[in-house]
Amino acid sequence: MTRVIPALIDRIYTLFLRLVVGHIGRGAVIEFPVKWNHPEKVWIGSGARVAAGTWLNCSSSPDDEFTLRIGADTYVGRNCHINAWKSVTIGSEVLVANNVYISDATHEFRDRRVSIKRQGERFSGPVEIKRGAWIGHCAAILPNTSVGINSVIGALSLVRRPIPDYCVAAGVPATVIREVAPTEEA
Ligand SMILES: CC(C)(COP(=O)(O)OP(=O)(O)OC[C@H]1O[C@@H](n2cnc3c(N)ncnc32)[C@H](O)[C@@H]1OP(=O)(O)O)[C@@H](O)C(=O)NCCC(=O)NCCS
């Protein structure tokens with residue numbers, strides 16, 4: 001019973017969200033509560049799951065149909081913060097741990113006479129997390145970066161350069177610590 005009621009609440013919440021979110025694929029589940037800005041800009045693939053406490057913060061940008069894409073069978077953990085002003089793409093079967101920050105935008109901070117809070121925000125470069133990747137707990141993925149196919153980003157790492165396919169990267173800033181060797185044919 002303790003698991004049935006929250007699961008039911010999540011199903012009802014997801015049903016309601018189908019009215020306002022750009023696209024929610026078959027079998028996808030959005031846990032209650034997720035915080036939204038411009039849910040019409042979000043595309044979520046089939047079988048994906050977005051966990052409770054996450055904030056999907058999109059802009060009203062008129063030029064792109066969707067500013068945030070979450071691929072099929074991808075899991076976005078609890079309390080993540082995703083800013084998608086123009087282009088954040090998370091591929092299919094990606095695993096995003098809890099408390100991860102992903103952003104294609106930044107606050108302005110050029111004018112020293114004005115508080116940063118009042119200077120606004122702007123798109124700063126697209127983010128792409130390719131299929132099968134794993135983003136570790138509390139990692140930060142900054143604008144104008146990508147994470148390669150099946151690559152791993154270590155816990156607490158800061159990604160500010162593209163990370164190639166099939167790599168393990170970690171640290172602040174994240175650097176490649178090793179490659180995942182190709183599997184031998186049977
Ligand atoms: C990245 C990770 C997968 C690497 O595991 P691994 O391949 O077994 O790597 P190792 O433990 O052998 O570490 C290799 C080197 O990378 C360093 N390293 C590993 N993870 C690191 C991290 N998150 N940040 C900084 N350095 C890290 C190690 O200190 C070690 O450095 P050294 O050779 O100088 O001693 C693992 O450390 C990690 O961060 N996992 C994420 C866990 C998580 O977030 N889980 C959430 C549940 S979904």
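Keep in mind it's a predicted model, so treat the numbers as computed, not measured.

**Here we look at the environment of Ile5**
Mapped onto the fold, Ile5 is located in helix 1 (residues 4-17). Here the alpha-carbon distance between Ile5 and Thr183, two residues 178 residues apart in the chain, equals 42 Å.

**Regarding the sheet that holds strand 10 (residues 88-90)**
In spatial order, the strands read 1-4-7-10-15-18; together these six strands make up an open sheet with parallel pairing. Looking along the sheet, the strands with just one partner apiece sit at the ends: strand 1 (23-24) and strand 18 (145-147).

**Here we look at the nonpolar core**
In this structure, Leu68, Ile129, Ile135, Ile141, Val147, Ile153 and Val159 are the most contacted members of the largest nonpolar core, which totals 40 residues. Not counting the four nearest positions on each side in its chain, Leu68 is found in contact with Lys41, Val42, Leu56, Cys58, Ile82, Ala84 and Val88.

**Quick word on the site of the ligand**
Residues in close proximity to the ligand total 13 residues, the closest being Gly136, His137, Gly154, Ala155 and Ala170. Broken down by class, the residue content of the shell around the ligand amounts to eight nonpolar, five polar and no charged.

**What to know about the sheet that holds strand 19 (residues 152-153)**
Through backbone hydrogen bonds, the strands of a sheet pair up, either in parallel or in antiparallel fashion. Pairing is mixed in the open sheet, where eight strands are placed in the order 2-5-8-11-16-19-21-22. Of all the strands in the sheet, just strand 2 (29-30) and strand 22 (175-179) have a single pairing partner and so form its edges. As paired elements, strand 8 (residues 75-76) and strand 11 (residues 95-96) share two bridges and run parallel to each other. Within strand 11, the position partnered with Val76 by the bridge is Val96.

**Topic: the environment of Asn37**
Among the structural elements, Asn37 can be located in strand 3 (residues 35-37). We classify Asn37 as partly exposed; it has 14 C-beta atoms within 10 Å. Placed twelve residues apart in sequence, Asn37 and Arg49 show a C-alpha to C-alpha distance of 18 Å. Beyond its immediate stretch of four places on either side in the chain, Asn37 contacts Asn57 and Cys58.

**A short note on the environment of Ile129**
Residue position: Ile129 is located in strand 15 (residues 127-129). Residue contacts for Ile129: discarding those within four places in its chain leaves Ile90, Gly91, Val94, Ile135, Ile141 and Val147.

**Regarding unusual backbone geometry**
Look at the link from Phe32 to Pro33: it is a cis peptide, with omega at -5 degrees. You can see Pro33 is positioned in the loop between strand 2 and strand 3. Val172 connects to Pro173 through a cis peptide bond whose omega is -5 degrees. Turning to its location among the elements, Pro173 is positioned in the loop between strand 21 (167-170) and strand 22. A positive phi angle, close to 55 degrees, is found at His38, a residue other than glycine. Mapping His38 onto the fold places it in the loop between strand 3 and strand 4 (42-44). With 19 C-beta atoms counted inside 10 Å, the residue His38 sits in the partly exposed group. Not every positive phi belongs to a glycine, and Tyr166 is a case in point at roughly 55 degrees.

**Structural notes on the pairing of strand 6 (residues 55-58)**
Across three bridges, strand 3 lies against strand 6 in parallel orientation. By the bridge assignment, Lys35 is partnered in strand 6 with Trp55. The sheet contact formed by strand 6 and strand 9 (residues 81-84) spans four bridges and is parallel. Directly across from Cys58, in strand 9, lies its bridge partner Ala84.

About the criteria used
- Residues numbered from 1 in each chain as written.
- Predicted model: local features only at pLDDT ≥ 70, side-chain atom pairs only at ≥ 80, totals over all residues.
- Helix = DSSP H or I, 4+ residues; strand = E, 2+ residues; numbered from the N terminus.
- Pairing = 2+ DSSP bridges.
- Core = buried A, V, L, I, M, F, W, Y, C linked by C-beta atoms within 7 Å.
- Buried ≥ 20, exposed ≤ 12 C-beta atoms within 10 Å, placed from the backbone.
- Contact = placed C-beta atoms within 7 Å.
- Near = placed C-beta within 6 Å.
- Nonpolar A, V, L, I, M, F, W, Y, C, P; charged D, E, K, R; others polar.

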